[in-house]
Amino acid sequence: MRFLPGTHRALGLAAALAVAAVAGAAVAQPVARSPRPAEDSGRAEAGAAPLRGSLGVPVAERLLASSDPEARLRGIERLGAIGTEEAVTALLAAVDQGGPAARDPRARLAAARALAPHAQRDSVRQLLSRELSEGGGPARGAASPLGEVLRGTAALALARTGERRALGALVNAIVQGGAAGEAAALALKAYPPESLQLLLGSRKRLEPALVSFLGELGDLRAIAALRPMLEGGDRAAQVAAARALARLGDEAALAKARAWLSKPEPGLFEATVEILVHLGAPEAPDAVASLLGSELGRLEGLRLAELAPAERLVPALARALPLLPEDARPRAVAAIGRAGGAEAARQLRRLTLERPELATAAAFALATMPGAEARAAVAELVDGPRAAKDAELRRLGLRAGVVRGLALRDAPGSLEGRLLAALAAPKGSSDRAVGVFGAVALGLRDPLEAVGGCAPASCDRAAVHAAARGALARGERALAALAPLFAELAAPGGGAAPGGDDAAPDAAAVSAGVALLAEPRGGAVATSRLAALAEAGGPLSPLAARALAARDDEVVRGRLKRLLEGSDPVVRAHVALGLGSDPLPDSVSLLARAYRFEDDPAVRRAIVRGLSRRTEVQRRRVLLAARDLDPDEGVRALARAALSGAGGPALDPPRAALATGVVWIAIVPNDQGAAASASSRPARLVRPDGLAVPVVADPDGVLLVPAVPPGVSSVLLAPAAPPGDAGS
């Protein structure tokens, strides 16, 4: 092929500029009020803009006219990278004129990110305000899972400007309420205004929704605007102002609340009690007790009792307990435990003995309640006369004692002997499983010693389940000790159903899979087996997917891509964590691409954690966008830490010293005829830090999972018992 003289250089220059435009796509740039570090500067120097614009904008417009959605996305990102006025105008036209891009939530999200640096322009602000109100809703196409991300991104882009009209759009959304109001409130908390006057504008009257937001914002400058509302306006405005002031800790609301308390009015009592609780007034417990005694206010009274525990509330909580909806009763039991004191211990002990449906909740409350009274109540469950005759009650007491030892380091004195005695119970029994769990969790036995030997053909699987969960409390060394057992049991034919790599693992392999927490690259398990486990969809899938990603190569790359695009967000998150330790440098591109349109915040957190371990320059663009424009505060915090160099390792095994929580679950079948389905039931527990722990219940359907960090965990039960898990 021949080139005409002088033409190949121009073509080469155009190609180079095109690559530069794609590489620098869609980073949120600093605005005038919020100077950012030099790393935020992604746009070209002013002198280069005419050449870049003249070459880039026409190409981007041709991409936007394409019928291929991916091509349109490249066009949007190219225009965002160019950043000239011509490029911004073209981008606005593409998403604001009813074309294909305007009907594609992914294109609209990409456009919102690209336009964020230009949010001070009237036309851009109007588009972002519209996205805030519409999100992924039906106004411009079918509702999309990305709607919440799009709405939150638009709100953050507006809040970052600090500009009066942008803040006005956010305030209007708060007043209107709904999903847009929630997104606007979160954005203003992430980027508080420099002046509250910019937020309040020329309003002569503050709407109740705005007043409530001022209380949640936590800005003490709002007190001056709220205090006058206590005397003027209607009663609704007074109540809203008093609630907001109470949240801000201003005792100006206390006198008003006491006046309302002395002269009760219909519909006002709940708000009055809430104000007293927030300000720590001495009459607050009695007022909460009155709410608990009211049929209409009982649930609100329970919420406030949870918010401000007090020993004086225990009798009222105990009286309200049978009157509460069934699903609220465990909350009331927990509130009694948090209130503490001798009466709380007495009430909880009574529940363990007399209310089987609440016995687990009451035992857990006793186990986590400080004080000699609670310890004595747990000791009675372990050693009392009824425990000697009732095996179920005895197991309840042993479990409560172990939880108390783990959570408070205050186990009853007789617990150790009782646990060791339980080790002699028949193999496969619930009694022995409780003994194994407690002995391992409290460090009385090593995991394999407590199991007493396990081969695929002959194994006390109930003991393996218990020992594996107990090992979680002992940390990395105990978990690593289970790695050889897991490798043996997880191998095809090694406890699994007969077959090749696709054979399903039995429950013992699922339990021993906790070893993958200490062996994030999979240890001695074959890569082909890890791939099969990752794709199987069971409790082992997330950790197997993480290990598979850490072994990325040309052979498994296709499977990783499919897992990263799969329907299970927990598996997607673990693939992202594993890619953080991927030996191949181009894995950063997989993470960057996965972040673009991920709608699950837990997966985005995992992606940012994975990127925090990478050193390639491509990570910076994604981390900047996540830091500035991700609707999830957890994602933004992780991105800030990663950019500052303080990001923690994504693959560290759990540390018992940092994760002292215990999850206690009793699996109760809806149909008593299906009671066997609860026995030795596999499950996965997703901890608050996002790691999924494979677990299997004891034969009596109880799960104790230690070493859980603070926060909200979720549990997903496997749909059926794995093959080969008979009896135990």
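Bear in mind the structure is a predicted one, so any value in this text is a computation, not a measurement. (Residues numbered from 1 in each chain as written. Predicted model: local features only at pLDDT ≥ 70, side-chain atom pairs only at ≥ 80, totals over all residues. Heavy atoms only, no water.)

## Quick look at the overall build of the protein chain
Here is the rule we go by: Each helix is a run of H or I in the DSSP string that is no shorter than four residues. Each strand is a run of E no shorter than two, and both are numbered from the N terminus. Any residue under 20% of the maximum accessible area for its type is buried, any over 50% is exposed, and the rest in between are partly exposed; the area is computed with a 1.4 Å probe on protein chains only. The contact criterion used throughout is that any non-hydrogen atoms of two residues lie within 4.5 Å. Every accessible area reported is derived by Shrake-Rupley at a probe size of 1.4 Å, with residue values counting cover from the shown protein chains alone.
Helices and strands together make up the secondary structure of the protein chain, namely 40 helices and seven strands. Expressed as a percentage of the 728 residues in the protein chain, the buried residues total 53%. Considering only contacts in the protein chain between residues 6 or more positions apart, those separated by 24 or more positions represent 65%. Just so you have it, the protein chain exposes about 30500 Å², and 54% of that area is on carbon and sulfur atoms.

## Quick notes on helix H33 (residues 527-536)
Restricting attention to buried positions, one finds in H33 the residues Arg529, Leu530, Ala531, Ala532, Leu533 and Ala534. Contacts from the buried residues of H33 go to helix H30 (483-490), helix H34 (541-550) and helix H35 (557-564). Just beyond H33, the residue with positive phi is Gly537, at close to 85 degrees.

## Examining the pairing of strand E6 (residues 702-708)
Which entries qualify depends on this criterion: Criterion used throughout: strands pair if DSSP finds at least two bridges between them.
Most of E6 sits out of view: seven of its seven residues are buried. Looking at chain direction, strand E3 (residues 661-666) and E6 are connected through five bridges and run antiparallel. Note that in E6 the partner of Val663 across the bridge is Val705.

## Considering the nonpolar core
How we decide: Here, nonpolar core refers to any group of buried Ala, Val, Leu, Ile, Met, Phe, Trp, Tyr and Cys residues whose side-chain atoms link them within 4.5 Å.
Within the largest apolar cluster, 233 residues are counted, with the highest numbers of intra-cluster contacts made by Leu170, Leu226, Leu348, Phe486 and Val575. Setting aside residues up to four positions removed in sequence, Leu226 forms contacts with Val211, Leu214, Ala241, Ala244, Leu245 and Leu248.

## What to know about the environment of Arg681
What counts here: N or O atoms within 3.5 Å of each other form a polar contact, as long as, within protein, one can give a hydrogen and the other can take it, and as long as residues adjacent in sequence are counted only when both atoms are side-chain atoms.
Within the element layout of this structure, Arg681 appears in the loop between E3 and strand E4 (682-686). Distance from Arg681 to Ala697, taken between C-alpha atoms, is 5.2 Å for residues 16 residues apart in sequence. The contact partners of Arg681, leaving out residues within four places of it in the chain, are Ile667, Val695, Val696, Ala697, Leu717, Ala718 and Pro719. A polar atom in the side chain of Arg681 sits 2.7 Å from the backbone oxygen of Ala718.

## Some remarks on the packing of helix H4 (residues 85-95) against helix H5 (residues 105-115)
A packed helix pair is summarised by two numbers, namely the angle formed by the two axes and the spacing between the axes. For clarity, the threshold we go by: Every axis corresponds to a line fitted to the C-alpha atoms, with the helix fit spanning only the stretch in contact, and the corresponding angles, defined between N-to-C directions, vary from 0 to 180 degrees. The labels follow the angle: roughly parallel below 35 degrees, roughly antiparallel above 145, roughly perpendicular from 65 to 115, and oblique for the rest. Less than a right angle of anticlockwise turn of the near helix away from the far helix marks a crossing as left-handed, whereas a clockwise turn marks it as right-handed. Classes in brief: Ala, Val, Leu, Ile, Met, Phe, Trp, Tyr, Cys and Pro nonpolar; Asp, Glu, Lys and Arg charged; the others, Gly included, polar.
Contact pair H4 / H5: the axes reach a minimum separation of 11 Å and the direction vectors enclose 155 degrees. One element, H4, and the other, H5, form an angle in the roughly antiparallel class. Viewed along their axes, H4 and H5 form a crossing whose handedness is left-handed. On H5, the residues that touch Val88, Leu91, Leu92 and Val95 of H4 are Ala107, Ala111, Ala114 and Leu115. Looking at side-chain class alone, the contact of H4 with H5 contains eight nonpolar, no polar and no charged residues.

## Describing the confidence of the model for the protein chain
The criterion, for reference: Think of pLDDT as the predictor's per-residue confidence, scored from 0 to 100.
Confidence along the protein chain averages 87 in pLDDT terms, with 86% of residues attaining 70 or more. Overall, residues 1-49 carries pLDDT values under 50, and its contacts beyond four positions in sequence, including any with other chains, amount to 69 contacts. Counting contacts from residues 721-728, a segment whose pLDDT is below 50, to residues more than four positions away or on other chains yields 19 contacts.

## Here's the deal with the sheet that holds strand E5 (residues 692-696)
The strand order across the open sheet formed by three strands is E5-E4-E7, and the pairing between neighbours is antiparallel. The two strands at the open ends of the sheet, each matched to only one other strand, are E5 and strand E7 (714-717). Neighbour-to-neighbour, the strand axes of the sheet open up by a mean angle of 25 degrees, direction not taken into account. Across four bridges, the pairing between E4 and E7 is antiparallel. Across the sheet, Arg684 pairs through a bridge with Leu716, a residue of E7.

## Quick look at the pattern of salt bridges
The condition that has to hold: Within this document, salt bridges are pairs made up of a side-chain nitrogen of Lys or Arg and a carboxyl oxygen of Asp or Glu, the two lying within 4 Å of each other.
Enumeration according to the criterion identifies 50 salt bridges in this entry. Of the charged contacts in the structure, one is a salt bridge between Arg557 and Asp552, with a shortest N-O distance of 2.6 Å. Neither residue differs from the other here; Arg557 and Asp552 are each classed as buried. Via salt bridges that share partners, Arg394, Arg395, Arg399, Asp431, Arg469, Asp698 and Asp700 belong to a single interconnected network.

## Looking at the environment of Met229
Tracing the chain through its elements places Met229 in the loop between helix H12 (223-226) and helix H13 (235-247). Between the C-alpha atom of Met229 and that of Val211, which follows or precedes it by 18 residues, the distance is 9.8 Å. When neighbours within four sequence positions are excluded, Met229 is seen to be in contact with Leu206, Val211, Ala237, Gln238 and Ala241.

## So, the packing of helix H6 (residues 122-134) against helix H8 (residues 164-176)
Two elements in contact, H6 and H8, have axes separated by 10 Å at closest approach and are oriented at 15 degrees. It follows from the interaxial angle that H6 and H8 lie roughly parallel. Note that H6 runs across H8; the crossing there is right-handed. Of the residues in H8, those in contact with Asp122, Arg125, Ser129 and Leu132 of H6 are Arg165, Ala166, Ala169, Leu170 and Ala173. Across the contact of H6 with H8, the residue classes tally to five nonpolar, one polar and three charged.

## Structural notes on unusual backbone geometry
Non-glycine residue Arg409 carries a positive phi angle of around 55 degrees. Take Arg409: it is sitting in the loop between helix H24 (391-408) and helix H25 (415-422). Residue classification places Arg409 among the exposed residues on the basis of a relative accessible area of 63%. Phi at Ala707 is positive, roughly 60 degrees, even though this residue is not glycine. Tracing the chain through its elements places Ala707 in strand E6. Judged by relative accessible area, which is 4%, Ala707 ranks as buried.

## Considering the side chain of Asp698
Within the secondary structure, Asp698 is located in the loop between E5 and E6. The exposure class of Asp698 is buried, given its relative accessible area of 3%. For Asp698, the side chain forms a polar contact with the side chain of Arg469, separated by 2.6 Å. In contact with Asp698, other than residues within four places in its own chain, are Arg399, Ala433, Val434, Ala466, Arg469, Ala678, Ser679 and Ser680.

## As for helix H19 (residues 329-339)
Residues of H19 that are buried include every one of Ala332, Val333, Ala335, Ile336, Gly337 and Ala339, and no others. Immediately beyond the C-terminal end of H19, within one or two residues, lies Gly340, with a positive phi of roughly 75 degrees.

## Describing the side chain of Arg619
For the record, the criterion: Positive charge is attributed to Lys and Arg, negative charge to Asp and Glu, and no charge count is given to His or to the chain ends.
Note that Arg619 resides in helix H39 (residues 619-629). Glu616 is the oppositely charged side chain nearest to the buried, salt-bridge-free Arg619, at an N-O distance of 7.1 Å. Setting aside chain neighbours within four positions, we find Arg619 in contact with Val588, Leu611, Ser612, Arg614 and Ala642.

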